[in-house]
Amino acid sequence: MRSNFKDKKRIVFKVGTSTITHEETGGLDLVKLEKFVRTLTDLHNRGKDIIVVSSGAIGVGRKSLGLGKKPDTISLKQACAAIGQSRLMTVYQKLFSEYNQYTAQILMTKFTIVDDTSRHNARNTFEELLKLGAIPIVNENDTVATDEIDFGDNDTLSAIVSAVVKADLLVLLSDIDGMYTSDPNKNPDAKFIPYVESISDELVEMAKGPSTSLGTGGMSAKIFAAGIANDAGTDMAIINGEDMENITRLFEGEEIGTVFKAHKTRHFHLKEYLQSRNP
């Protein structure tokens, strides 16, 4: 299965806040971001459609405002997102432009998905941007939609985007090598899970755990994302984003990360799926 990754045509990458920021300060890790951008541009130059779902807007805004801890009110989160989103996109645009690659910003809300017309328009926008050779960079519109901040995480958003654009592969860049039977930071006997054929109730229980201090999504959110992506017909992989070379290794077929096999559900409909299940 991994040997076929090199042939994937349309790929969604999700990068989390903890992956692209320095743990000590919350500031952007520009060295890591530059490697990420360079690697994605090279994949794009091979003829692949690339979409990025990037966290970090609230974190960047929080850093800009000098806040020592995560904002604890909706209004402050929205203010951080408003400040951070423009700064984050400026960095992305500058880095991608160094490799003569242009980008596009797409901000989505839950309404975009549950409203049939908006979802159709979003799909058409993605298709047109990819046809024009752009790399769309997606985030939730945290500045105006309060329920997305409480409900959402970008693991789930990336799976939703994968379903909307009919992606071949979703890659989640995490701060861990993949999925384990329990938290490897607390349990030295935790066993690594390299491959998941289907998501069982036992797997869901294994994944339950807290979010990080920087991000909002734990392993439980990643399993929920895998459920959406797999049911929509998209393979998913969780790899460690600490080393951006892992992206190249994944597409070379190396045994890294945890891979979740797609099993497209007959008559899958994203709107109905989201209304019937909760993360």
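Residues numbered from 1 in each chain as written. Predicted model: local features only at pLDDT ≥ 70, side-chain atom pairs only at ≥ 80, totals over all residues. Heavy atoms only, no water.

> How do you make sense of the environment of isoleucine 160 when you look at a structure like this?
Among the secondary structure elements, isoleucine 160 is positioned in helix α8 (residues 154-165). Residue classification places isoleucine 160 among the buried residues on the basis of a relative accessible area of 8%. C-alpha separation for the pair isoleucine 160 and isoleucine 228, spaced 68 residues apart in sequence, amounts to 7.0 Å. (Helix = DSSP H or I, 4+ residues; strand = E, 2+ residues; numbered from the N terminus. Buried < 20%, exposed > 50% of the residue type's maximum accessible area, 1.4 Å probe, protein only.)

> Would you explain the side chain of asparagine 230 in this entry?
Structurally, asparagine 230 is set in helix α10 (residues 219-231). Given a relative accessible area of 1%, asparagine 230 falls into the buried group. Within the local environment of asparagine 230, its side chain forms a polar contact with the backbone oxygen of threonine 234, the two atoms lying 2.9 Å apart. Sequence-distant contacts of asparagine 230, that is, excluding residues within four places in its chain, are made with Ile199, Asp235, Met236, Phe260, Lys261, Ala262, His263 and Lys264. (Polar contact = N/O pair within 3.5 Å; in protein donor to acceptor, adjacent residues only side chain to side chain. Contact = heavy atoms within 4.5 Å.)

> Can you help me understand unusual backbone geometry in this one?
Leaving glycine out, the prevailing phi sign among residues is negative, and the prevailing peptide bond configuration is trans. The phi dihedral of asparagine 100 falls on the positive side, at around 60°, and the residue is not glycine. Within the fold, asparagine 100 resides in the loop between α4 (74-97) and β3 (103-108). With relative accessibility at 72%, the residue asparagine 100 sits in the exposed group. In the Ramachandran plot, lysine 166 falls in the positive-phi region, its phi being about 60° despite a non-glycine side chain. Positionally, lysine 166 belongs in the loop between α8 and β5 (169-174).

> It is not clear to me how the packing of helix α2 (residues 30-45) against α4 should be interpreted in this structure. Could you clarify?
Helix-helix packing is characterised by the crossing angle of the two axes and by the distance between the axes. Contact geometry of α2 with α4 gives a least axis separation of 9 Å together with a crossing angle of 55°. With respect to their mutual orientation, α2 and α4 come out oblique. In this structure, α2 crosses over α4, and the sense of that crossing is right-handed. Residue-level inspection shows Leu30, Leu33, Glu34, Phe36, Val37, Leu40 and Thr41 of α2 in contact with α4, the latter providing Val91, Tyr92, Leu95 and Phe96. Of the residues belonging to the contact of α2 with α4, the class tally is nine nonpolar, one polar and one charged. (Axes fitted to C-alpha atoms, helices over the stretch in contact; angles between N-to-C directions. Parallel < 35°, antiparallel > 145°, perpendicular 65-115°, else oblique. Left-handed = near helix turned anticlockwise from the far one by under 90°. Nonpolar A, V, L, I, M, F, W, Y, C, P; charged D, E, K, R; others polar.)

> Would you explain the nonpolar core in this entry?
Counting residues in hydrophobic clusters, the biggest one holds 42 residues, and the most contacted among them are Phe126, Val138, Val161 and Phe260. With residues up to four places along the chain from it excluded, the contact list for valine 138 reads Ile51, Val52, Val53, Ser54, Ile106, Met108, Phe126, Leu157 and Val161. If you look at the next biggest cluster of nonpolar residues, it comprises 33 residues, including Phe13, Val15, Val91 and Phe96. (Core = buried A, V, L, I, M, F, W, Y, C linked by side-chain atoms within 4.5 Å.)

Function cannot be read off these values alone, since they describe shape.
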